[in-house]
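Structure assessment
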Amino acid sequence: MKKYIVAGVALFALSGVPAPAPAAEIPVKALPLFNWTGWYVGGNTGYSWGRTNYTFNSATGPVASTSIRHNGWLGSVEGGYCWQRPGSTFVGCFEVRYDFPREKGRGNLPIPTTETNTTTTVVLIRPTADPILIGPHLGFTTHQNQMFWYAAGGLAI
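Residues numbered from 1 in each chain as written. Predicted model: local features only at pLDDT ≥ 70, side-chain atom pairs only at ≥ 80, totals over all residues. Heavy atoms only, no water.

Take Ser76: it is sitting in strand E2 (residues 61-83). Note on Ser76: relative accessible area 5%, which makes it buried. Along the backbone, Ser76 and Gly46 are 30 residues apart, and their C-alpha atoms lie at a distance of 9.3 Å. Residues in contact with Ser76, not counting those within four places in the same chain, are Gly42, Gly43, Asn44, Arg97, Tyr98, Asp99 and Phe100. Within polar-contact distance, the side chain of Ser76 engages the side chain of Asn44 at 2.9 Å. Side-chain polar atoms of Ser76 contact the side chain of Glu78, separated by 3.2 Å. (Helix = DSSP H or I, 4+ residues; strand = E, 2+ residues; numbered from the N terminus. Buried < 20%, exposed > 50% of the residue type's maximum accessible area, 1.4 Å probe, protein only. Contact = heavy atoms within 4.5 Å. Polar contact = N/O pair within 3.5 Å; in protein donor to acceptor, adjacent residues only side chain to side chain.)

Per-residue confidence for the protein averages 76 on the pLDDT scale, and 61% of its residues sit at or above 70. Ranking the elements of the protein by mean pLDDT puts strand E5 (residues 119-120) last with 52 and strand E6 (residues 132-142) first with 94. (pLDDT = per-residue confidence, 0-100.)

As a further point, take the layout of surface pockets. The probe, sized like a water molecule, is rolled over the atoms to show the empty space still left. In this structure, the largest pocket spans a volume of roughly 170 Å³. In terms of lining, the largest pocket is formed by 14 residues, of which the most central are Tyr40, Cys82, Glu95, His137 and Phe148. Elements with a minimum of two residues in the lining of the largest pocket: strand E1 (38-58), E2, strand E3 (90-106) and strand E7 (147-152). The leading source of residues in the lining of the largest pocket is E1, at five residues. Tallied by class, the residues present in the lining of the largest pocket amount to eight nonpolar, four polar and two charged. (1 Å grid on protein atoms, 1.4 Å probe; cavity = no way out; pocket = protein on both sides within 12 Å on 5 of 7 lines; lining within 4 Å. Points joined across faces, edges and corners; volume = space filled by probe spheres on them. Nonpolar A, V, L, I, M, F, W, Y, C, P; charged D, E, K, R; others polar.)

Along the chain, Trp39 turns up in strand E1. Apart from the residues within four sequence positions on either side, Trp39 is in contact with Gly80 and Tyr81.

Quick look at the pairing of E6 now. Inspection of the sheet shows E6 paired to strand E8 (residues 155-156) by two bridges, in the antiparallel sense. Bridging across to E8, Ile134 finds its partner in Leu155. Relative to E7, E6 runs antiparallel, the two being bridged by six bridges. Each bridged residue has a counterpart across the sheet, and for Leu138 the counterpart in E7 is Ala151. With antiparallel pairing between neighbouring strands as the criterion, E6 and E7 make up a hairpin whose turn holds four residues, including His143 at a positive phi of roughly 55°. (Pairing = 2+ DSSP bridges.)

Before going further, it helps to examine the packing of aromatic side chains. Per the stated rule, a full pass over the model turns up six aromatic pairs. Taken together, a centroid distance of 4.9 Å and an interplanar angle of 75° make the contact between Tyr98 and Phe100 edge-to-face. Phe100 sits in the partly exposed class, given a relative accessible area of 35%. Relative to Tyr150, the ring of Phe148 has its centre 5.3 Å away and its plane inclined at 40°; by these criteria the two rings are tilted. Residue Tyr150 is classed as partly exposed on the basis of its relative accessible area, which comes to 48%. (Phe/Tyr/Trp six-rings, centres within 6.5 Å; stacked < 30°, edge-to-face > 60°.)

As a further point, take unusual backbone geometry. A positive phi angle is found at Gln144, which is not glycine, with a value near 55°. The topology assignment puts Gln144 in the loop between E6 and E7. Positioned with a positive phi, Asn145 is a non-glycine residue whose angle comes to about 70°. Positionally, Asn145 belongs in the loop between E6 and E7.

Set out below in structure tokens:
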């Protein structure tokens, strides 16, 4: 008897006859899986390297110039609040970020002196940065609210 039941089920499955699916006819309202409304905190880190050219001028023209290599670790912490109206793709955020610049640069700069017509060596260390940023992020979502595209602006202190 088991052989006949197994054979019948296999034959029915291979025949291509659709099975009834009553659940497919029940309407379901699609809700977005993601909403960007809420508070957030985060952090990031990175490494920077580059070169900066300095030229010091006087009333008669350039006095001295040099190129300084700089590198170092950078990091920041940020936090804010985003708001997205249900059913809309527009998202508005307000963020505060604090940067921890640890980039350093050293170089020698010959500066002519008026007394003995010799040069003085100056060491330049650590370019300054704006450590606090406050401002909005305004944008829109795509891919069923999973991706947020935005432009940021604000005040750097």
